[in-house]
Amino acid sequence: MAAIVAALVVVGVLVVALVVLLLRVLARLNAPSTTSPPGPTSATSPASATNPTGATSAGVAEPGRPAGGESATDTADLAELRRQAERAAADVRQHAEAAAAEIRRAAEQEAGKAVLEARKAAEAEVGALKAEARTLKDEMNELKSDLERREQRLVEREERLDAEQRRVEARDRDLAEHERAIDDRVAALETAEADRARELERVAGLTAQDAKAELVKTIETQAKREAALIVRDIEHEAKEEGDNRARKIVTLAIQRVASEQTAESVVSVLHLPSDDMKGRIIGREGRNIRAFESTTGVNLIIDDTPEAVLLSCFDPVRREVGRLTLEKLVLDGRIHPHRIEEIYERSKQEVEQLCVRAGEDALVEVGLTDMHPELIALLGQLRYRTSYGQNVLKHLVESAHIAGMMASELRLDPVLMKRCTVLHDVGKALTHEVEGSHAIIGAEIARKYGEHEDVVHAIEAHHNEVEVRTVEAVLTQAADSISGGRPGARRESLEHYVKRLERIEEIASEKPGVEKVFAMQAGREIRVMVKPDDVDDIGAQVIARDVAKQIEEELTYPGQIRITVVRESRATEYAK
């Protein structure tokens, strides 16, 4: 294509050159002549008149030249130009023919190349089609072989199925024969069983229905005993496993708590520098002691005890305020009604600050924050309250530690458990002012000051006055029992202790078949001896369970009580 374009450009250039040459010839032929027309020359022409040199003008013939020479010259020039034009035209024609021949050759070469390329492409496409056809042919051959193999397998499978069907049919025939033989044997056995039953009825004197009822009764009794034994074993295993796990958790909690023993009373003793101070405390006609008791609300007991007076009050906080007031009065020496009132107000504020500080210290010790100030103050007041000789605030802190440890062992929230236990006895700070159980009072106070409902429920349910519904309440009860029941935690009066032991023995003795009852280990274990002829092993288990349940319902005691029922089995034979 490039050669064709070049040839066309050359032809175009030659055509343009030829056109230019022809235009030049035509312009030459059509141009006017520069000489004057032929005729006689005027002697008086302006040219000769004005020529200063006196030369011959262009229009006058030179001497010896004919008059028509210029026309012949123009004809010759015209002929020459015509010949040049013809030669140029012949050259152009020749060049054009050569360019056309070149163009034809280039076109033929391009056409040949195109035909060659088309032929090559067609051959390549034909080769690809042949290869694809061979591939398809191979695939068809493979599919044909696969179908043949599948047909062969199907034929073999049909043959196996036919053989299996023949075996199944033979087995069915064998089974039918066996069934007929079994039916015959069953009929023979039924006949023999009927004969045996009639013979047994004749020998035993019982009908089949009576024998069946007696047999069912015997089997039922035996099944009940076996079921009771299985239930007892399961309960024993579950109880043993639960006791072991609970014992482990409780033991770890107790081992990790080290609290001091407390033995405070409801009476405070104030030591005086001398017995003369007693008279100053009493005052003239008992004026000072009456003013002190009316201001503080604390009874002042002055007896023969040397250098000591007693302060008695049911409210421990008020008793502490009175003790502090009297101590400051003794140190100051000025004892009169006005001074008593002044010192009392100061001591009251100081005790209130001490209560708040004690509550804050207790919360810091158990790792709690964000509690209402009124609850902190009530907790601090429990610093001066005791329960069976155990300081209540220390009991709360100890219970919180135990509950946190048990919660960690059980993968519960230790912070929530500490909050439940540190507030479970907060109602004891107001039992002398508000009627009701300290658990219910504490729950109302906690609810009033925005504590969580789980905390409120644990407080109100820790003495089972409300049905226990949460794990936190159960652990609060456990921590309270552990803290109060550990050795050295609380004191118990002898009278109450004896009454509790007597009632425990009475409960066990009231059960049928009980022969003797022994309370052991300070009432923490009971041995119940039963009559072996009246009580069997299952009955002994029932007695132990009933005694434990009745003790739980009627008595209040720290820790737990173990009930052991002992049944002696005797076998007597005589050798003759």
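Residues numbered from 1 in each chain as written. Predicted model: local features only at pLDDT ≥ 70, side-chain atom pairs only at ≥ 80, totals over all residues. Heavy atoms only, no water.

Attention shifts here to the overall build of the chain. What the chain contains, in helices and strands, is 16 helices and 8 strands. Relative to its full complement of 576 residues, the chain shows a buried share of 28%. Within the structure as shown, the chain displays about 39,000 Å² of accessible surface, and the carbon and sulfur contribution to it stands at 54%. (Helix = DSSP H or I, 4+ residues; strand = E, 2+ residues; numbered from the N terminus. Buried < 20%, exposed > 50% of the residue type's maximum accessible area, 1.4 Å probe, protein only. Areas by Shrake-Rupley, 256 points an atom, 1.4 Å probe, with all protein chains shown as cover.)

On the surface, a cluster of negative charge is made up of Asp233, Glu237, Glu240, Glu241 and Asp243. Take aspartate 233: it is sitting in helix H4 (residues 208-255). (Patch = residues over 30% accessible without salt bridge, like charges linked within 9 Å, V, L, I, M, F, W, Y side chains within 5 Å. Salt bridge = Lys/Arg side-chain N within 4 Å of Asp/Glu carboxyl O. Lys, Arg positive; Asp, Glu negative; His and termini not counted. Charge placed at Lys NZ, Arg CZ, Asp CG, Glu CD.)

Moving on: empty space enclosed by the protein. Following the criterion strictly, the structure yields 2 cavities of 30 Å³ or more and no others. What the second largest cavity holds in volume is close to 30 Å³. Ile281, Asn288, Ile289, Phe292, Leu326, Leu329, Ile335 and Ile340 are the residues that line the second largest cavity. The set of elements that each furnish at least two residues to the lining of the second largest cavity consists of helix H6 (287-296) and helix H7 (316-332). A breakdown of the residues in the lining of the second largest cavity according to their chemical character gives 7 nonpolar, 1 polar and no charged. (1 Å grid on protein atoms, 1.4 Å probe; cavity = no way out; pocket = protein on both sides within 12 Å on 5 of 7 lines; lining within 4 Å. Points joined across faces, edges and corners; volume = space filled by probe spheres on them. Nonpolar A, V, L, I, M, F, W, Y, C, P; charged D, E, K, R; others polar.)

A separate point is the sheet that holds strand S7 (residues 525-530). The sheet built from 3 strands is open, its strands ordered S6-S7-S8 with mixed pairing. On the outer flanks of this sheet lie strand S6 (514-520) and strand S8 (562-567), each paired with one strand and no other. Adjacent strand axes in the sheet meet at a mean angle of 20° when their direction is disregarded. Across 6 bridges, S7 lies against S8 in parallel orientation. The partner of isoleucine 526 across the bridge, within S8, is isoleucine 563. (Pairing = 2+ DSSP bridges. Axes fitted to C-alpha atoms, helices over the stretch in contact; angles between N-to-C directions.)

Right, let's talk about the pairing of S7 for a bit. Alignment of S6 against S7, held across 6 bridges, turns out to be antiparallel. Looking at the pairing, alanine 519 lines up with isoleucine 526 of S7.

Our focus in this paragraph is the nonpolar core. A general tendency of soluble globular proteins is for nonpolar side chains to be buried together. Judged by nonpolar contacts, the single largest core of 33 residues is most densely connected at Met371, Leu379, Leu382, Val422 and Leu423. When residues of this core are traced back to their parent elements, those giving at least two are helix H8 (337-366), helix H9 (373-381), helix H10 (392-409), helix H11 (414-422), helix H12 (438-448) and helix H13 (453-460). With 5 residues, H10 is the single largest residue contributor to this core. (Core = buried A, V, L, I, M, F, W, Y, C linked by side-chain atoms within 4.5 Å.)

Let us look at helix H16 (residues 537-554). Helix length check: H16 (18 residues) gives 26 Å between terminal C-alpha atoms against 26 Å at 1.5 Å per residue, within 8%. Among all positions in H16, only Gly539, Ala540, Ile543, Ala544, Val547, Gln550 and Ile551 are buried. Along the axis of H16, the buried positions cluster into a sector of 140°, meaning they face one direction only. What points out from H16, more than 90 degrees from its buried face, is the exposed set Lys549, Glu552 and Glu553. (Expected span 1.5 Å × (residues − 1). Arc of directions from axis to C-beta.)

With that out of the way, let us pick up the environment of alanine 246. Within the fold, alanine 246 resides in helix H4. In sequence terms alanine 246 and methionine 406 are 160 residues apart; their C-alpha atoms lie 9.6 Å from each other.

The subject of this paragraph is the side chain of aspartate 480. Tracing the backbone through its elements, the reader meets aspartate 480 in helix H14 (residues 471-485). With relative accessibility at 9%, the residue aspartate 480 sits in the buried group.

This brings us to the environment of aspartate 536. Position of aspartate 536 relative to the elements: it lies in the loop between S7 and H16. A sequence separation of 31 residues divides aspartate 536 from arginine 567, and the C-alpha atoms of the two residues are 7.7 Å apart. Among residues more than four places away in sequence, those in contact with aspartate 536 are Arg225 and Arg567. (Contact = heavy atoms within 4.5 Å.)

Looking now at H12. If you check which residues of H12 are buried, you get His438, Ala439, Ile441, Gly442, Ala443, Ile445 and Ala446. Against the buried residues of H12 lie H9 and H13. Looking one or two places after H12, you find glycine 450, whose phi comes out positive at around 80°.

This paragraph deals with the packing of H10 against H11. Orientation of H10 relative to H11, taken along the N-to-C sense of each, is 150°, at an axis distance of 8 Å. By the criterion of interaxial angle, the relationship of H10 to H11 is roughly antiparallel. Judged by the sense of rotation from one axis to the other, the crossing of H10 with H11 is right-handed. Residues Leu396, Ser399, Ala400, Ala403, Gly404, Ala407 and Ser408 of H10 lie in contact with H11, whose contacting residues are Pro414, Met417, Lys418, Thr421 and Val422. Residue composition of the contact of H10 with H11, grouped by class: 7 nonpolar, 4 polar and 1 charged. (Parallel < 35°, antiparallel > 145°, perpendicular 65-115°, else oblique. Left-handed = near helix turned anticlockwise from the far one by under 90°.)

Scored by pLDDT, the chain has a mean of 79; 82% of the residues are at 70 or more. Put simply, helix H2 (residues 46-50) is where the chain has its lowest mean pLDDT, 35, and H13 is where it has its highest, 91. Of the regions scoring below 50 in pLDDT, residues 33-69 engages in 5 contacts with residues more than four places distant in sequence or in other chains. Counting interchain partners and residues more than four positions distant, the pLDDT-below-50 stretch residues 258-264 has 16 contacts. (pLDDT = per-residue confidence, 0-100.)

Turning our attention to the pattern of salt bridges. Going through the model one piece at a time under the given rule, you end up with 25 salt bridges. Taking the shortest distance from any N to any O, the salt bridge between arginine 323 and glutamate 320 comes out at 2.8 Å. Within this pair, arginine 323 and its partner glutamate 320 are both found in helix H7, separated by 3 residues, close to a single helical turn. When its relative accessible area of 14% is taken as the criterion, glutamate 320 is described as buried. Close ionic contact of arginine 339 with aspartate 332 constitutes a salt bridge, the shortest N to O distance being 3.1 Å.

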